[in-house]
Amino acid sequence: MFKGSFAASDFISLEATEEAMSSTPVQHSRLRGQPGQGYYLVINIGTPPQKLNVLIDTGSSNLAVGAVPHEFLSKYFHMNLSTTLEESGDVVVVPYTQGMWEGKLVHDLVSPAEQPELSSRTYLACITNSSEFFVNGSNWHGILGLGYANIARPNREVTPYFDSLVATWNISNVFSMQLCGSQEDNVTQELSLVGTLVLGGIDSLLFEQPLLYTPITREWYYEVVITDIAVSGVRVDLSCDWYNKDRTIVDSGTTNLRLPQKVFSAVVALIQSKYLVCNLCCAKMLQFFFHHICYALVR
């Protein structure tokens, strides 16, 4: 089963099929964000609909939004105002690499704000307590986990939002993301992240052919295998085990590139040597090898 892909200006596309490539995308939704703070999607929750921004995160599987006032939230979900909300009586706690949240698990209607007709009843966590989760100035009010049900909290019986959408509308079990990085607003001159989320397929107009793939090795996070890393064509040349210590995942919810300490030290040493000799921009020097196929990080 194909669960997702990233079609981006500088992207890695997760395992796909010819059927997925040829399928017609259901809808496009604009992604926005602040540099360094991730991409968010505007969604409708409840009846009448309340619009909230949620961080698009392939590194988790729960949909959750703030449901009480918080100093970093410009708005939050008012549970008592939704006539379609059904409480489950369960409490869910989700920890991340940094931060955590706790909330009430409920059912309610959810849809992309730009496609309100794509409404589905799904699990939703209403966050009542959190620590180092919400980010000041990020402009998002919650998180939309697009990972597999195997990592949903408190258990895999909590169906992720996209799975609910697939079941309700019988769309292809494919989503794709175009992540374009920062662009300057013509009016305000401010930088902001821009991109596109496609539900139900891959849009060939959003990327340049050919599309490159690497297998998903395990269906929980989007786990892949790195076989090598290179800096300006010079390979780090460590054992594959070192690159994938613990696990290697593709995670749209963070802007960080995390490496095991031994790999990090080797990459930094190569970058420093190349930078001192060639005066090159470090951001254009990194190359990753997935199953021995090279993907260059170029912005």
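Note that the structure is predicted; figures quoted are calculated from it, not measured.

Engineer: It is not clear to me how the pattern of salt bridges should be interpreted in this structure. Could you clarify?
Structural biologist: With the rule as written, the count across this model stands at three salt bridges. Its salt-bridge partner being D228, residue R235 comes within 3.7 Å of it at the nearest N-O pair.

Engineer: Before we go on, may I ask you to explain unusual backbone geometry in this structure?
Structural biologist: The bulk of non-glycine residues show a negative phi, and the bulk of peptide bonds are trans. P48 follows T47 through a cis peptide bond whose omega is -5°. Structurally, P48 can be placed in the loop between β4 (39-45) and β5 (50-57). Located in the positive-phi region is S232, a residue other than glycine, with phi close to 50°. Position of S232 among the secondary structure elements: in the loop between β16 (226-231) and β17 (234-235). For S232, a relative accessible area of 34% corresponds to the partly exposed category. In this structure, D237 is a non-glycine residue whose phi angle is positive, near 60°.

Engineer: What's the story with the packing of aromatic side chains in this structure? I'm lost.
Structural biologist: The geometry of an aromatic ring pair is captured by the separation of the ring centres together with the interplanar angle, meaning the angle of the planes. A full pass over the atoms with the stated rule returns eight aromatic pairs. Relative to Y222, the ring of Y148 lies with its centre 5.2 Å away and its plane at 45°, an arrangement referred to as tilted. Here Y148, found in the loop between β10 (142-145) and α2 (161-169), pairs with Y222, found in strand β15 (residues 222-223); they are 74 residues apart in sequence, far enough to count as distant. Of the residues examined, Y148 reaches a relative accessible area of 4% and is grouped as buried.

Engineer: It is not clear to me how α2 should be interpreted in this structure. Could you clarify?
Structural biologist: Three- or four-residue spacings in an α-helix give side chains the same orientation, since the helix completes a turn every 3.6 residues. Among all positions of α2, only Y161, F162, S164, L165 and V166 are buried. Structurally, α2 contributes buried residues whose contacts are with β6 (63-66), β8 (100-112), β9 (120-131), β10, β11 (175-184) and β12 (191-199). Two residues or fewer past α2, N170 is found with a positive phi of approximately 55°.

Engineer: Explain the confidence of the model for the protein here, please?
Structural biologist: For residues with low pLDDT, the predicted coordinates do not support detailed interpretation. When the pLDDT values of the protein are averaged, the result is 85; 84% of them are 70 or greater. Long-range and interchain partners of residues 4-25, a stretch whose pLDDT sits below 50, account for 75 contacts in this model, where long-range means more than four residues apart.

Conventions adopted
- Residue numbers here run from 1 along each chain, matching the order of that chain's written sequence.
- Restriction of local features to residues with pLDDT of at least 70 applies here, the model being predicted, together with a cutoff of 80 or more for giving and counting side-chain atom pairs; totals for whole chains, interfaces and linings are based on all residues.
- Only hydrogens and water are set aside when side-chain values are computed; all heavy atoms of the structure are taken into account.
- Any carboxyl oxygen of Asp or Glu that lies within 4 Å of a side-chain nitrogen of Lys or Arg is treated as forming a salt bridge with it.
- Each helix is a run of H or I in the DSSP string that is no shorter than four residues. Each strand is a run of E no shorter than two, and both are numbered from the N terminus.
- Working definition: with a 1.4 Å probe on protein chains only, accessible area under 20% of the residue-type maximum means buried, over 50% means exposed, and in between means partly exposed.
- Here is the rule: rings of Phe, Tyr and Trp (six-membered ring for Trp) pair when centre to centre is within 6.5 Å. Planes less than 30 degrees apart are stacked, more than 60 are edge-to-face, and the remainder are tilted.
- What makes two residues a contact is simply this: any of their non-hydrogen atoms within 4.5 Å.
- pLDDT is a per-residue confidence score from the predictor, ranging from 0 to 100.

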